[in-house]
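# Structural characterization, general
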Amino acid sequence: IVEALLQLLHSGIFVAVVTAAGYPGKPDRYAARFKGLLQKMKERQTSKEVYERFYCVGGECNYLFRIKEGYTMEQVPLEQWQSELMRSWRTEDIDRLLTLADENLRAACARHRLDVQFLRKERAVGCYPTQAGVRIAYETLEDVALTLQDL
C-alpha cells in the first residue's frame with residue numbers, strides 16, 4: 001500500500017487517511033501508524049511538494065495531522081482547518097449532543113444484547129467489544145449507527 005500511496009501523491013493527488021484513533025497532541029502515535037510510508041519517503045528524499053499532499057484525519061474527524069520536514073508528523077491547529085461554523089460550536093451544546101448520543105448508543109447496544117464497553121471522548125462517543133477478538137456483525141453495527149444518525 002505504501003507504493004500505491006506514493007504513486008498517488010507523486011501524481012498530484014491529495015491523500016487523507018481517516019481513522020477513529022484519537023491521539024490529540026501526540027503526532028508520534030500517528031507517525032508510528034505510518035512508519036513504512038514515512039521511512040520510504042525519507043529514503044527517497046520525497047519533496048515537500050509531494051509529502052504535503054498527505055493527511056491523517058483522526059479521532060472521528062476531530063484532529064488533522066500532516067507530514068512535516070524530517071518526515072515526521074505534526075498536528076494541524078484547529079483554526080487552520082475547522083470551518084467558521086465548527087469553531088462557533090459551544091462546549092455546552094457539544095456536551096448535550098454527546099450525552100444524547102451516548103444514551104441512545106447504550107440503548108441500541110442493549111436492544112441488540114451486545115457485550116460492549118462504552119467510550120466517551122472530547123467530541124465523540126463509541127463502543128467496542130468487551131472481549132478482544134470478538135467481532136460484531138456489520139448489519140448490527142449499521143443498525144446501531146443508523147439509530148444514532150436519526151437523533
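Residues numbered from 1 in each chain as written. Predicted model: local features only at pLDDT ≥ 70, side-chain atom pairs only at ≥ 80, totals over all residues. Heavy atoms only, no water.

## Some thoughts on the packing of aromatic side chains
- Tallied over the full model, the rule gives four aromatic pairs.
- Between Tyr 30 and Phe 65 the ring centres are 4.2 Å apart and the planes differ by 35°, which places this aromatic pair in the tilted class. One end of the pair, Tyr 30, is in helix H2 (residues 27–33); the other, Phe 65, is in strand E3 (residues 63–68), with 35 residues separating them in the sequence. You'll find Tyr 30 and Phe 65 in the same group, each marked buried.
- Within the aromatic cluster, the residues linked to one another by ring pairs are Tyr 23, Tyr 30 and Phe 65. (Phe/Tyr/Trp six-rings, centres within 6.5 Å; stacked < 30°, edge-to-face > 60°. Helix = DSSP H or I, 4+ residues; strand = E, 2+ residues; numbered from the N terminus. Buried < 20%, exposed > 50% of the residue type's maximum accessible area, 1.4 Å probe, protein only.)

## A word on a nonpolar patch on the surface
- A surface patch of nonpolar side chains, amounting to about 270 Å² of accessible area, comprises Leu 97, Leu 100 and Leu 151.
- For Leu 151, the position within the fold is in the segment after helix H8 (138–149).
- Under the relative-accessibility criterion, Leu 151 is labelled partly exposed at 46%. (Patch = residues over 30% accessible without salt bridge, like charges linked within 9 Å, V, L, I, M, F, W, Y side chains within 5 Å. Areas by Shrake-Rupley, 256 points an atom, 1.4 Å probe, with all protein chains shown as cover. Salt bridge = Lys/Arg side-chain N within 4 Å of Asp/Glu carboxyl O.)

## Some thoughts on the sheet that holds strand E2 (residues 54–58)
- Spatially, E1-E2-E3-E4 is the arrangement adopted by the four strands of the open sheet, whose pairing is mixed. Single-partner strands in this sheet number two, and they are strand E1 (15–18) and strand E4 (72–75). Adjacent strand axes in the sheet meet at a mean angle of 30°, parallel and antiparallel pairs treated alike.
- As paired strands, E1 and E2 are joined by four bridges and run parallel to one another. Looking across to E2, one finds that Val 17 is bridged to Cys 56. (Pairing = 2+ DSSP bridges. Axes fitted to C-alpha atoms, helices over the stretch in contact; angles between N-to-C directions.)

## Topic: the pairing of E2
- Here E2 lies mainly inside the structure; four of its five residues are buried.
- Adjacent in sequence and paired antiparallel, E2 and E3 are bridged by four residues, among which Gly 59 carries a positive phi angle near 60°.

## Let's talk about the environment of Cys 109
- With respect to the helices and strands, the residue Cys 109 is situated in helix H7 (residues 91–111).
- Look at Cys 109 and you get buried, because its relative accessible area is 1%.
- Between the C-alpha atoms of Cys 109 and Glu 69, which are 40 residues apart in sequence, the distance is 44 Å.
- Not counting residues up to four positions away in its chain, the partners in contact with Cys 109 are Leu 114, Val 116, Phe 118 and Cys 127. (Contact = heavy atoms within 4.5 Å.)

## Structural notes on H7
- Look at H7: 30 Å from first C-alpha to last across 21 residues, which is about the 30 Å you get at 1.5 Å a residue.
- Buried within H7 we find Ile 94, Leu 98, Ala 101, Asp 102, Leu 105, Ala 108 and Cys 109. Down the axis, H7 shows its buried residues gathered within 135° of arc, on one side only. Among the exposed residues of H7, those pointing more than 90 degrees away from its buried face are Arg 96 and Ala 110. (Expected span 1.5 Å × (residues − 1). Arc of directions from axis to C-beta.)

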